[in-house]
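# Fold and contact review
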Amino acid sequence: MEEITAGVTNISIAGDAQKKNRIQVSNTKKPLFFYVNLAKRYMQQHNEVELSALGMAISTVVSIAEILKNNGFAVEKKITTSTVEIRDEARGRPISKAKIEIVLGKTEKFDELMAAAAEERAGNGEEQS
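As annotated in an unreviewed UniProt entry, the chain carries the name DNA/RNA-binding protein Alba-like domain-containing protein and is attributed to Erythranthe guttata.

### Section: the side chain of threonine 60
With respect to the secondary-structure elements, threonine 60 resides in helix α3 (residues 58-70). The exposure class assigned to threonine 60 is buried, which follows from its relative accessible area of 15%. Apart from the residues lying within four places of it in its own chain, the contact partners of threonine 60 are Val25, Asn27 and Leu32.

### Describing the nonpolar core
Residues Ile23, Met43, Val49, Leu51, Leu68 and Leu104 are the most contacted members of the largest nonpolar core, which totals 25 residues. If sequence neighbours within four positions are ignored, leucine 68 has contacts with Val36, Ala39, Lys40, Met43, Phe73, Ala74 and Leu104.

### Some words on the sheet that holds strand β2 (residues 48-54)
Reading across from one edge, β1-β2-β4-β3 is the order of the 4 strands in this open sheet, with mixed pairing throughout. Single-partner strands in this sheet number two, and they are β1 (22-24) and β3 (74-88). Ignoring strand direction, the axes of neighbouring strands in this sheet form an average angle of 20°. The pairing of β3 with strand β4 (residues 93-106) spans 14 bridges and is classified as antiparallel. Bridge pairing in β4 links glutamate 76 to leucine 104. Contacts from helix α2 (residues 32-46) reach β1, β2, β3 and β4 within the one sheet, and its direction differs from that of β2 by about 140°. Sitting on the sheet, α3 is in contact with β2, β3 and β4, with an inclination near 5° to β4.

### Observations regarding the environment of serine 59
Tracing the sequence through the fold places serine 59 in helix α3. Separated by 32 residues in sequence, serine 59 and asparagine 27 place their C-alpha atoms 8.5 Å apart.

The rules behind the values
Residues numbered from 1 in each chain as written. Predicted model: local features only at pLDDT ≥ 70, side-chain atom pairs only at ≥ 80, totals over all residues. Heavy atoms only, no water. Helix = DSSP H or I, 4+ residues; strand = E, 2+ residues; numbered from the N terminus. Buried < 20%, exposed > 50% of the residue type's maximum accessible area, 1.4 Å probe, protein only. Contact = heavy atoms within 4.5 Å. Core = buried A, V, L, I, M, F, W, Y, C linked by side-chain atoms within 4.5 Å. Pairing = 2+ DSSP bridges. Axes fitted to C-alpha atoms, helices over the stretch in contact; angles between N-to-C directions.

This is the structure:
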């Protein structure tokens, strides 16, 4: 089983330009705290995470970043805004969409906070049994 896990972890797809620590956020597909928890996991693995969004999902990315910062998990490293052209198939013309990328890094207290949260979850599980 460990060999399979190691194989999946080390897999790389040729021509994959996607960064391993990038999360592309949608404001319709997943709840906010799915992305907050995913960002924490990415920071554990890569020490930083890049949150990216287009258009209406930008406010969701900002909320995720603020939750992580206000709870002491992350610090801002870089914020980039731009506009991208997306082809509208229905109208047959390009549409400009706003884009944001926020790079967050782990705080010095990150590992301590994650350990405390894990202990709390373990404690809650025992009390309910």
